[in-house]
Amino acid sequence: MLNEFNYTLPGNLENHVSAELESIKTGGQIGRIWNKDASVWTGDDEDNWLGWLGIVEKELGEIQKYSDLAEDVRSANFESLVLLGMGGSSLCPEVLANTFGVDNFHILDSTVPAQIKTIANKIDVSKTLFFVASKSGSTLEPNTFKQYFWAKVSEAVGLENTGKHFIAITDPDSKLHKLAQEQNFRHIFFGDPSVGGRFSALSVFGMIPGAAMGLDIKDFLARAAEMVNACRSEDPVKNPGAHLGAILGVCHKHGRDKLTIFTSPELHDVGAWLEQLIAESTGKKGVSIIPIDREEFLKAVDYDEDRVFAYLKLKGTIDDSLDAKIASLEAYEHPFVVIELTDKMDLGQEFFRWEFATAVTGAIMEINPFDQPDVEAAKIEAKALTEKYEETGELPKEKPFYEEDGIQLFSSAKYIEQLDNFVGKEKSLEKYIHAHIVHLQEYDYFAVLGYIEMNEENEKLLQELRHNVLKKELTATALGFGPRFLHSTGQGYKGGANNGVFLQITSDDAEDIAVPEQKYTFGVVKAAQARGDFQVLLDRERRALRIHLGEDVVSDLQKIVALI
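Residues numbered from 1 in each chain as written. Predicted model: local features only at pLDDT ≥ 70, side-chain atom pairs only at ≥ 80, totals over all residues. Heavy atoms only, no water.

Colleague: Is there a simple way to think about the overall build of the protein chain in this case?
Modeller: Across its full length, the protein chain holds 22 helices and 16 strands. Rg of the C-alpha trace for the protein chain: 23 Å, near the compact-globule value of 24 Å for 564 residues, within the 12% margin. Principal-axis analysis of the C-alpha atoms gives the protein chain an extent of 65 × 60 × 45 Å. Relative to its 564 residues, the protein chain shows a buried fraction of 62%. Taking contacts inside the protein chain between residues at least 6 apart in sequence as the whole, the part at least 24 apart equals 79%. Within the structure as shown, the protein chain displays about 21,400 Å² of accessible surface, and the carbon and sulfur contribution to it stands at 46%. With 57 positive and 90 negative side-chain charges, the protein chain shows a spacing of 2 Å between the two charge centroids. (Helix = DSSP H or I, 4+ residues; strand = E, 2+ residues; numbered from the N terminus. Rg over C-alpha atoms; globule rule 2.2 N^0.38 Å. Buried < 20%, exposed > 50% of the residue type's maximum accessible area, 1.4 Å probe, protein only. Contact = heavy atoms within 4.5 Å. Areas by Shrake-Rupley, 256 points an atom, 1.4 Å probe, with all protein chains shown as cover. Lys, Arg positive; Asp, Glu negative; His and termini not counted. Charge placed at Lys NZ, Arg CZ, Asp CG, Glu CD.)

Okay, here's the thing in structure tokens:
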């Protein structure tokens, strides 16, 4: 059975969606997608990135590897499982672990030293199985994570036994593939080179960790296959993915470029996966759909006409208070879709529905939904900084334009001038922050980019900060932790429409951690990534302010929150 799909559109949008669906049908667009016709999009290299269309069938044909791995993990009696990855290599496993309550499965996707230390303190490395997940095999973060924990495991169990604690998930002939062979990893699983990271949930990148968690991968993929088959229908009205994609594409055409995601509590982490899929696929060439996840619900009357809403709910959910709130949107002519899952195991259907919908939306937006040019730009900036550190032993000096109580502010010369015009002669931290926030215009969004540890206390404070802005400005707000969002929403922020106001938050590290075999530390990597990310935002002439905190992150964050 397919997950239930309903939607409500105001009359004008309903008419436009109907026309778009008819256009998709008469143009044979769905058949062309399945035939891997790049001209559906820009005619560039899209046909090289459509392996995800057949990945469920492929993996079902190789299902034995999943049951074999599950048995191997069970018999080895590992206490903990840790995935070392970023973006498309880590978000699906994170969703699975959180949705199915797998407490001994941990994700490391942050170079923040405090985050690495927290993971290390949770586990006994001698009883831990590590998954090193990297499609290219050359991604900076998982490689440095692997170096760190390889050294820890070697110290605990001896170098000759270390490889038994590591599994590689990567494309064939990658750098990681060769390294895993040399170091005798426990297993090596190969991805499909024609499946991009954010479209890889139903491939080995999502399903191998799922199997290790104890999920019934055969059942999970078989349920997903029902959605795959439904998305083959050349009638877009009967095609769940195409229908959703048409709604999102038409809404974007009419200025509704903020996809606001709500979920049942049991599905709360799905939004993090959707964020990457939507933002990285649609945010480029000056257009974007910005996903808004985990935002408080406003009164329906307070939402601007730049929103489209998606509500993913679990049948028989513990808390159905969102039902009435979502229903209230109709009276104010806000478009929304409601998707109801009968069971958590039906989550795979949504992975494929939204992937197909994103491909259709990208066609309507006339972009290539499978590349991420501005992610690469940030990587280049960060690499240049780390190389500078290796040459000189320090990162290039930087000077704040304002400092108060150890909290420093940074931005471009052009934007500082604009802020100064608002602040006037009597400068203060509070005035600069307010000057930044008042740059929000109608239909803008406000994004908090936190390069600090992603823990409960910090997240609570940053959520309070964004929601203070939400209530004051009634504008869409987003929150991401770096560097993980660099492989996710960061593409949309830099390459999409210039309607974002960004507050980046960095901090000193109370304790740094060395990266084995490298001159730089994790603190240096984090700082380089944050500075590289910020520089690309400024290069794109985004309205961006960076606040640098001291070592007492919580205390300084509380000050910032209190000022708003």
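Picking up where we left off.
Colleague: I would appreciate a short explanation of the layout of surface pockets in the present structure.
Modeller: Rolling a probe over the atoms, with the probe sized like a water molecule, indicates the empty space that remains. Taken as a whole, the largest pocket holds about 960 Å³ of empty space. Taken together, 39 residues form the lining of the largest pocket, with Ser 136, Thr 139, Glu 376, Lys 379 and His 487 sitting closest to its centre. Contributions of two or more residues to the lining of the largest pocket are made by α7 (140–157), α13 (270–282) and α16 (373–392). Per-element accounting of the lining of the largest pocket gives the leading share, 10 residues, to α16. Counted by class, the lining of the largest pocket contains 12 nonpolar, 16 polar and 11 charged residues. The space that makes up the second largest pocket amounts to roughly 700 Å³. (1 Å grid on protein atoms, 1.4 Å probe; cavity = no way out; pocket = protein on both sides within 12 Å on 5 of 7 lines; lining within 4 Å. Points joined across faces, edges and corners; volume = space filled by probe spheres on them. Nonpolar A, V, L, I, M, F, W, Y, C, P; charged D, E, K, R; others polar.)

Colleague: Honestly, helix α5 (residues 91–99) in this entry has me stumped. Any pointers?
Modeller: Helical geometry note: an α-helix holds 3.6 residues per turn, so side chains three or four residues apart project in the same direction. The element α5 is largely enclosed, with a buried count of 8 among its 9 residues. Among all positions of α5, only Leu 91, Cys 92, Pro 93, Glu 94, Val 95, Leu 96, Ala 97 and Thr 99 are buried. Buried positions along α5 lie against β2 (80–84), β3 (105–108), α10 (204–213), α11 (217–230), α13 and α15 (347–365).

Colleague: What should I look at first to understand the pairing of β3 in this one?
Modeller: Looking along a regular strand, one sees the side chains alternate between the two faces of the sheet. Here β3 shows a buried face lined by Phe 105 and Ile 107 and a second buried face lined by His 106 and Leu 108. Bridge count for β2 against β3 is 4 bridges, and the pairing is parallel. Counted as the bridge partner of Val 82 is His 106 from β3. (Pairing = 2+ DSSP bridges.)

Colleague: Just checking my understanding: could you explain empty space enclosed by the protein for this structure?
Modeller: Taken as a whole and assessed by the stated rule, the structure comprises 1 cavity of 30 Å³ or more. The calculated volume of the largest cavity comes to roughly 300 Å³. Ala 272, Glu 275, Leu 479, Gly 480 and Arg 484 are the residues nearest the centre of the largest cavity, which is lined by 21 residues in total. Taken together, the elements giving at least two residues each to the lining of the largest cavity come down to α13, α19 (456–473) and β14 (476–481). Ranked by residues supplied to the lining of the largest cavity, first place goes to β14 with 4 residues. Here the residues of the lining of the largest cavity are counted per class, giving 8 nonpolar, 6 polar and 7 charged.

Colleague: Help me understand the packing of helix α12 (residues 240–253) against α15 in this model?
Modeller: Pairs of packed helices are described in terms of their axes, by the angle between the two and the distance that separates them. Interaxial distance between α12 and α15 falls to 7 Å at its minimum, and their mutual angle equals 40°. Between α12 and α15, the angle falls in the class oblique. Seen from above, α12 lies across α15 with right-handed handedness. Residues Pro 240, Gly 241, Ala 242, Leu 244, Gly 245, Ala 246, Leu 248, Gly 249, His 252 and Lys 253 of α12 form the contact with α15, whose own contacting residues are Arg 353, Trp 354, Phe 356, Ala 357, Val 360, Thr 361, Ile 364 and Met 365. Residues belonging to the contact of α12 with α15 are distributed by class as follows: 11 nonpolar, 5 polar and 2 charged. (Axes fitted to C-alpha atoms, helices over the stretch in contact; angles between N-to-C directions. Parallel < 35°, antiparallel > 145°, perpendicular 65-115°, else oblique. Left-handed = near helix turned anticlockwise from the far one by under 90°.)

Colleague: What should I look at first to understand the packing of aromatic side chains in this one?
Modeller: How two aromatic rings sit relative to each other is set out by the distance from centre to centre and by the angle between their planes. All chains considered together, the criterion is met by 32 aromatic pairs. Between Phe 5 and Tyr 7 the ring centres are 5.9 Å apart and the planes differ by 35°, which places this aromatic pair in the tilted class. Classification of Tyr 7 by relative accessible area gives partly exposed; the value is 27%. Between the aromatic rings of Tyr 445 and Phe 502, the centroid separation amounts to 5.8 Å while the plane-to-plane angle is 85°, which identifies the pairing as edge-to-face. (Phe/Tyr/Trp six-rings, centres within 6.5 Å; stacked < 30°, edge-to-face > 60°.)

Colleague: Can you help me understand the sheet that holds strand β1 (residues 4–8) in this one?
Modeller: One open sheet accounts for 5 strands, arranged β1-β10-β9-β7-β8; its pairing is mixed. Looking at which strands have only one partner, the edges of the open sheet turn out to be β1 and β8 (290–293). Neighbour-to-neighbour, the strand axes of this sheet turn through a mean angle of 20°, independent of strand direction. Across 5 bridges, the pairing between β1 and strand β10 (residues 336–341) is antiparallel.

Colleague: It is not clear to me how the sheet that holds strand β12 (residues 407–410) should be interpreted in this structure. Could you clarify?
Modeller: Backbone hydrogen bonds are what pair the strands of a sheet, in a parallel or an antiparallel way. In space, the 6 strands of this open sheet follow the order β11-β12-β16-β15-β13-β14, with mixed pairing throughout. If you trace the sheet from one side to the other, it starts and ends with β11 (402–404) and β14, each paired once. Pairs of neighbouring strands in the sheet enclose a mean axial angle of 15°, with direction left out of account.

Colleague: Just checking my understanding: could you explain the environment of Glu 426 for this structure?
Modeller: Mapped onto the secondary structure, Glu 426 falls in the loop between α17 (413–423) and α18 (429–437). Glu 426 gets classed as exposed once you look at its relative accessible area, which sits at 61%.

Colleague: Please explain the side chain of Arg 198 as it appears in this structure.
Modeller: Inspection of the secondary structure puts Arg 198 in the loop between β6 (187–190) and α10. The class for Arg 198 is buried, based on a relative accessible area of 4%. Within polar-contact distance, the side chain of Arg 198 engages the side chain of Glu 280 at 3.0 Å. Within polar-contact distance, the side chain of Arg 198 engages the side chain of Ser 281 at 2.7 Å. (Polar contact = N/O pair within 3.5 Å; in protein donor to acceptor, adjacent residues only side chain to side chain.)

Colleague: Sorry, what's going on with the nonpolar core here?
Modeller: The tendency in soluble globular proteins is for nonpolar side chains to be buried as a group. In terms of nonpolar packing, the biggest core is built from 95 residues, with Trp 354 and Phe 356 touching the most fellow members. Here this core gets 11 residues from one element, more than from any other, and that element is α15. Here Phe 356 is in contact with Ile 30, Ile 33, Trp 34, Trp 52, Leu 53, Cys 231, Asn 239, Gly 241 and Ala 242, once residues within four sequence places are set aside. Membership of the second largest hydrophobic core comes to 32 residues, among which are Ile 407, Val 423, Ile 437 and Val 501. (Core = buried A, V, L, I, M, F, W, Y, C linked by side-chain atoms within 4.5 Å.)

Colleague: Help me understand the pairing of strand β4 (residues 128–133) in this model?
Modeller: Here β4 lies mainly inside the structure; 6 of its 6 residues are buried. Burial of the side chains of β4 extends over both faces: Thr 128, Phe 130 and Val 132 are buried on one face and Leu 129, Phe 131 and Ala 133 on the other. Here 5 bridges tie β2 to β4, and the two strands are oriented parallel to one another. Bridging from a neighbouring strand, Leu 81 pairs with Leu 129 of β4. Strand direction decides the pairing type here: β4 and strand β5 (residues 166–170), joined by 4 bridges, are parallel. Each bridged residue has a counterpart across the sheet, and for Ala 133 the counterpart in β5 is Ile 169.

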